[in-house]
Amino acid sequence: MSLPTDPAALWSTLTPGPDGLVAAVVQHADSGEVLMLGYMNAEALARTLTRGRVTFWSRSRQQLWEKGETSGHTLELRGLHVDCDADALLVQAVPRGPTCHTGAPSCFFRPVGEPPAPRPSAVFEQVFAEICERKAGRGMTNRDGKSYVRELLAAGAPKIAAKLAEEAGELAEALAGTDRDHVAREAADLVFHALVGLAHADVALADVAAVLARRMGRSGLDEKAARTQTAASPADPDDPPPSG
């Protein structure tokens, strides 16, 4: 059942607690990672919906609080769901920088017991987000105020391409051996520099995922042959094929 998108009408369907608030669990819209827990009143929900940036009611300051209003680490709204009891919200958002005030990507970084291995997609999203932060001139540097990612991006495509070739060669060498940890490390280096290349070209991870999704369910040999045939076709159908 779909709910109204008008803020006042949507609030009327909710069941806030005695303090007039509903819990709002924020989830990364792309990776699914749980980022934080906040609380909303009617005004916070209305501002979230109308402005597209997640806004809470601060219980400590007793005022509206747009996430990232001072740090710049905003949460851009992508979706909203109401739970079965209508007393909590699931807010799907894209973070601009770390969500937690400690600098961690998520407020939920203290595991009880042995934590499970992170999902690869979540790790890639976090690393790519950090790279994009460096591109925007924000985020962590060394004690000299330098950033390896910013230096790569400033050097441009030739430097990034050279690093990709270097890292691909090192991975190829590792694959010839039997050290699985060595292979994993070299693969991580190659993936990292590929992500830097994507950020340089302003290509989102979602764009890459969309290409892979289109190729799923099809023979890799057939797909590669089709790409080769397309690349070999003349740009203009009226042009004669090349001789020889």
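For the structure itself, look to the data block above.
Residues numbered from 1 in each chain as written. Predicted model: local features only at pLDDT ≥ 70, side-chain atom pairs only at ≥ 80, totals over all residues. Heavy atoms only, no water.

Visitor: I tried to follow the packing of helix α4 (residues 148–155) against helix α6 (residues 180–200) on my own but got confused; where do I start?
Guide: Axis angle and axis distance: for two packed helices, these are the angle between their axes and the distance between the axes, and together they describe the pair. Where α4 contacts α6, the axes come no closer than 10 Å and their chain directions differ by 55°. Regarding the angle of α4 to α6, the classification is oblique. When the axes of α4 and α6 are compared, the crossing they make is right-handed. Contacts between α4 and α6 pair Y148, V149, L152 and L153 from the former with F192, H193, V196 and H200 from the latter. Residue composition of the contact of α4 with α6, grouped by class: 6 nonpolar, 2 polar and no charged. (Axes fitted to C-alpha atoms, helices over the stretch in contact; angles between N-to-C directions. Helix = DSSP H or I, 4+ residues; strand = E, 2+ residues; numbered from the N terminus. Parallel < 35°, antiparallel > 145°, perpendicular 65-115°, else oblique. Left-handed = near helix turned anticlockwise from the far one by under 90°. Contact = heavy atoms within 4.5 Å. Nonpolar A, V, L, I, M, F, W, Y, C, P; charged D, E, K, R; others polar.)

Visitor: Would you mind showing me how to read the pairing of strand β3 (residues 55–58) here?
Guide: A regular strand places its side chains so that they alternate between the two faces of the sheet. Neither face of β3 is open: one carries T55 and W57, the other F56 and S58, and all of them are buried. Bridge count between β3 and strand β4 (residues 63–66): 4 bridges; the pairing is antiparallel. Across the sheet, residue T55 finds its bridge partner in β4, namely E66. Hairpin connection from β3 to β4: 4 residues lie between these consecutive antiparallel strands, with Q62 at a positive phi of about 55°. (Buried < 20%, exposed > 50% of the residue type's maximum accessible area, 1.4 Å probe, protein only. Pairing = 2+ DSSP bridges.)

Visitor: Help me understand the environment of E33 in this model?
Guide: Mapped onto the fold, E33 is located in the loop between β1 (22–28) and β2 (34–40). On the accessibility criterion, E33 (21% relative accessible area) is partly exposed. In this structure, the C-alpha to C-alpha distance between E33 and S121, residues 88 residues apart in sequence, is 9.9 Å.

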